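Here are the chains, one letter per residue:
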Amino acid sequence: MEFSGAVRLGDLNDFIAPSQACVVNLAPKSKLDAVELQVDAVQLPPTKSDSKGFQQTQLSGDAVKVNLQDCLACSGCVTSAETVLLEHQSTGELLSALKSNKTVIVSVSPQSRSSLGVLHQLSPSETAGKLVHFLKSLGVSVVLDTTSSRDIALLEAAQEFTARYAAKHTEHAAAASAEKTHGSYILPYISTTKSPQAVMGTLVKRFLGQQMGLEPGAIYHCAVMPCYDKKLEGSREDFCIPGTSVPEVDSVLTTSEVQQLVEQQGVSFADLPCAPLDSLLGPGCTDSRLYKVHGGSGGYLEFIFRTAAQQLFNRQLPPGPLPMKTLRNADFTEISLDLEGRTVLRFAAAYGFRNIQTLVRKIKRKACEYDYVEVMACPSGCLNGGGQIKAHKGQTSQQLLDELDQHYHAAELVERHPSENAIVPLVYKQFVGGRVYDAAARNRLHTGYHHREKSVSAMIGDW
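One structure accompanies this document, and this report is about it. (Residues numbered from 1 in each chain as written. Predicted model: local features only at pLDDT ≥ 70, side-chain atom pairs only at ≥ 80, totals over all residues. Heavy atoms only, no water.)

1. Side note on the overall build of the chain
In terms of regular secondary structure, the chain is built from 14 helices and 15 strands. Within the chain, counting contacts between residues at least 6 apart in sequence, those at least 24 apart form 77% of the total. Of the accessible surface of the chain, which amounts to about 20200 Å², a share of 50% is contributed by carbon and sulfur atoms. (Helix = DSSP H or I, 4+ residues; strand = E, 2+ residues; numbered from the N terminus. Contact = heavy atoms within 4.5 Å. Areas by Shrake-Rupley, 256 points an atom, 1.4 Å probe, with all protein chains shown as cover.)

Take a look at the structure:
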């Protein structure tokens with residue numbers, strides 16, 4: 001089975017388990033040995049036993065098999081997910097789907113659009129238009145921007161926070177890490193609102209599909225995302241059509257993999273004509289405008305802070321980026337709302353696992369002073385995701401990140417409140433059958449997280 005050529009292993013410096021091999025411990029006293037390990041149909045090479053890191057174990061001469069639940073229970077793949085790719089998470093699988101009798105729909109994240117735009121020196125609208133043309137030339141039927149699913153996720157997350165504020169129970173955290181590493185300490189605090197990828201999966205298979213006269217199983221939905229971890233999210237059993245094994249997101253491609261597909265097809269991306277994005281409003285509808293939010297990771301902190309300030313304390317904050325205060329490093333920032341000499345709201349953004357670990361220790365000690373924390377595994381957030389296109393020769397990572405930020409917040413992009421999206425009221429009326437964060441919305445637009453027992457040996461000898 002094809003292995004993603006976009007994957008590059010290196011010194012990830014990701015705090016938990018940088019560049020470690022996958023491990024399966026099938027018995028407490030099994031003999032450690034070098035063995036070829038099979039992750040679904042992906043072959044990983046043998047590694048030598050090393051007391052300073054992960055080791056691979058074997059009970060017999062057969063290859064050891066690792067399933068997705070093993071991956072989700074491991075401490076390594078949350079920060080090195082590119083080492084554990086599933087067979088259906090590749091460009092080859094997308095091309096195979098295009099040859100099938102399924103209707104292929106692709107949704108593209110704004111962060112991925114910016115990465116492609118910076119590489120090819122194109123504006124946001126040019127990048128989107130050329131990507132639509134390229135994908136449709138391959139046989140894709142519908143290409144969507146995830147702005148609408150992001151708007152719905154923001155509305156749900158904000159109302160969830162205000163509803164839970166009194167109990168001080170809100171974290172929009174790295175869920176996979178919490179499930180496998182911290183369990184009961186963190187899970188009660190994680191926001192249950194689905195991510196924009198998951199919301200889009202729900203809408204594509206169950207809302208747009210209905211308008212197109214298609215059953216969920218007749219649709220192949222591929223999401224283009226900036227992060228390899230989104231592949232694991234898309235494979236979660238929680239994100240299947242209720243009562244079935246049909247996933248709402250069939251596969252996830254990173255931005256690097258899409259660029260690799262462009263190169264494999266032998267086309268000049270910058271010279272392609274432009275085509276309009278499709279719309280969740282249904283067949284024949286297009287969406288010509290692109291929209292933005294403050295914050296390269298979806299704008300959760302900014303939007304929820306503003307919503308809480310207005311709804312809970314009747315304070316309308318001025319427009320523009322929030323004045324975040326940098327703490328221990330550039331990836332740990334905070335903002336507070338003070339009324340009459342008293343702090344009534346305190347939010348923080350913690351990016352990268354070093355900062356996340358600091359936050360987790362506070363939560364375990366019941367000493368966390370924040371009402372809400374936007375948590376991202378990647379330093380600098382989603383624009384710097386592990387699946388984004390890397391800096392070219394002569395360009396520093398910071399220079400690339402600055403260009404990505406400018407592209408993501410370009411002047412041509414329209415800033416609006418999520419409720420102003422014309423698709424939003426239609427979704428709540430025709431699909432949800434209720435209002436933001438009511439019982440119907442929580443049933444369709446929220447999920448749950450579970451404590452996962454570790455079925456993989458995840459001990460690091462020199463930790």
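2. Describing the layout of surface pockets
By volume, the second largest pocket amounts to about 660 Å³. Taken together, 26 residues line the second largest pocket, and the ones lying closest to its centre are Gly-295, Gly-296, Tyr-351, Ser-380 and Asp-405. Of all the elements in the fold, those that place two or more residues in the lining of the second largest pocket are helix 10 (300–313), strand 12 (332–339), strand 13 (342–351) and helix 12 (397–408). Per-element tally for the lining of the second largest pocket: the top contributor is helix 12, with four residues. For the lining of the second largest pocket, the class distribution of residues is eleven nonpolar, ten polar and five charged. (1 Å grid on protein atoms, 1.4 Å probe; cavity = no way out; pocket = protein on both sides within 12 Å on 5 of 7 lines; lining within 4 Å. Points joined across faces, edges and corners; volume = space filled by probe spheres on them. Nonpolar A, V, L, I, M, F, W, Y, C, P; charged D, E, K, R; others polar.)

3. A word on helix 13 (residues 423–432)
Along an α-helix, residues three or four apart share an orientation, since each turn contains 3.6 residues. Looking at helix 13, one finds that the buried residues are Ile-423, Val-424, Val-427, Tyr-428, Phe-431 and Val-432. The arc that holds the buried residues of helix 13, viewed along the axis, is 135°, so those residues lie on one side. Counted as exposed and oriented over 90 degrees from the buried face of helix 13: Lys-429 and Gln-430. Residues of helix 13 that are buried sit in contact with helix 5 (147–164), helix 7 (196–211) and helix 14 (439–445). With its phi angle positive at about 75°, Gly-433 sits one or two positions after the end of helix 13. (Buried < 20%, exposed > 50% of the residue type's maximum accessible area, 1.4 Å probe, protein only. Arc of directions from axis to C-beta.)

4. Details of the side chain of Ser-107
On the secondary structure map, Ser-107 appears in strand 4 (residues 103–108). Here His-221 takes part through its side chain, which lies 2.8 Å from a polar atom of the side chain of Ser-107. Setting aside chain neighbours within four positions, we find Ser-107 in contact with Leu-144, Thr-146, Met-200, His-221, Cys-222, Ala-223 and Val-224. (Polar contact = N/O pair within 3.5 Å; in protein donor to acceptor, adjacent residues only side chain to side chain.)

5. Structural notes on the pairing of strand 12
Counting buried residues along strand 12, six of its eight residues qualify, which places the element largely inside the surrounding structure. Counted along the chain from strand 11 (residues 325–326) to the antiparallel partner strand 12, the turn is five residues long. Strand direction decides the pairing type here: strand 12 and strand 13, joined by eight bridges, are antiparallel. Counted as the bridge partner of Asp-338 is Thr-343 from strand 13. Once strand 12 ends, the chain turns through two residues before running back antiparallel as strand 13, passing Glu-340 with a positive phi of about 55°. (Pairing = 2+ DSSP bridges.)

6. As for the packing of aromatic side chains
Across all of its chains, the model carries eight aromatic pairs by this definition. Taking 5.7 Å as the distance between ring centres and 65° as the angle between the ring planes, the aromatic pair formed by Phe-161 and Tyr-165 counts as edge-to-face. Of the two residues examined, Phe-161 and Tyr-165, each falls in the buried class. Ring pairs connect the aromatic residues Phe-161, Tyr-165, Phe-305, Phe-313, Phe-347 and Tyr-372, which therefore count as one cluster. Sitting over the ring of Tyr-291, Arg-416 keeps its end group 3.4 Å from the ring centre. A cation over an aromatic ring shows up here: Arg-444 above the ring of Phe-431, its NZ or CZ 4.4 Å from the ring centre. (Phe/Tyr/Trp six-rings, centres within 6.5 Å; stacked < 30°, edge-to-face > 60°. Lys NZ or Arg CZ within 6 Å of the ring centre and 35° of its normal.)

7. Some details on the pattern of salt bridges
Tallying each qualifying case throughout the model produces twelve salt bridges. Of the charged contacts in the structure, one is a salt bridge between Glu-248 and Lys-194, with a shortest N-O distance of 3.6 Å. Linking Glu-248 in the loop between helix 8 (229–234) and strand 7 (251–254) with Lys-194 in the loop between helix 6 (175–182) and helix 7, this pair joins segments that are 54 residues apart in sequence. Summarising the burial analysis for this pair, Glu-248 and Lys-194 share the class buried. The salt bridge partner of Glu-248 is Arg-206, with a shortest N-O separation of 3.5 Å. Here Arg-206 lies in helix 7 and Glu-248 lies in the loop between helix 8 and strand 7, a separation of 42 residues in the sequence. Put simply, Lys-194, Arg-206 and Glu-248 are held in one network by salt bridges that share partners. (Salt bridge = Lys/Arg side-chain N within 4 Å of Asp/Glu carboxyl O.)

8. Some details on the environment of Val-199
Note on placement: Val-199 falls in helix 7. Considered as a pair, Val-199 and Leu-445 are 246 residues apart in the sequence and their alpha carbons are 6.3 Å apart. Leave out the neighbours within four places in its chain, and Val-199 touches Ser-149, Ile-152, Ala-153, Lys-194 and Leu-445.

9. Quick word on a positive patch on the surface
Taken together, the side chains of Arg-328, Arg-361, Lys-364 and Arg-365 define a basic patch exposed on the protein surface. Note that Arg-361 resides in helix 11 (residues 353–364). You can call Arg-361 partly exposed: its relative accessible area is 41%. (Patch = residues over 30% accessible without salt bridge, like charges linked within 9 Å, V, L, I, M, F, W, Y side chains within 5 Å. Lys, Arg positive; Asp, Glu negative; His and termini not counted. Charge placed at Lys NZ, Arg CZ, Asp CG, Glu CD.)

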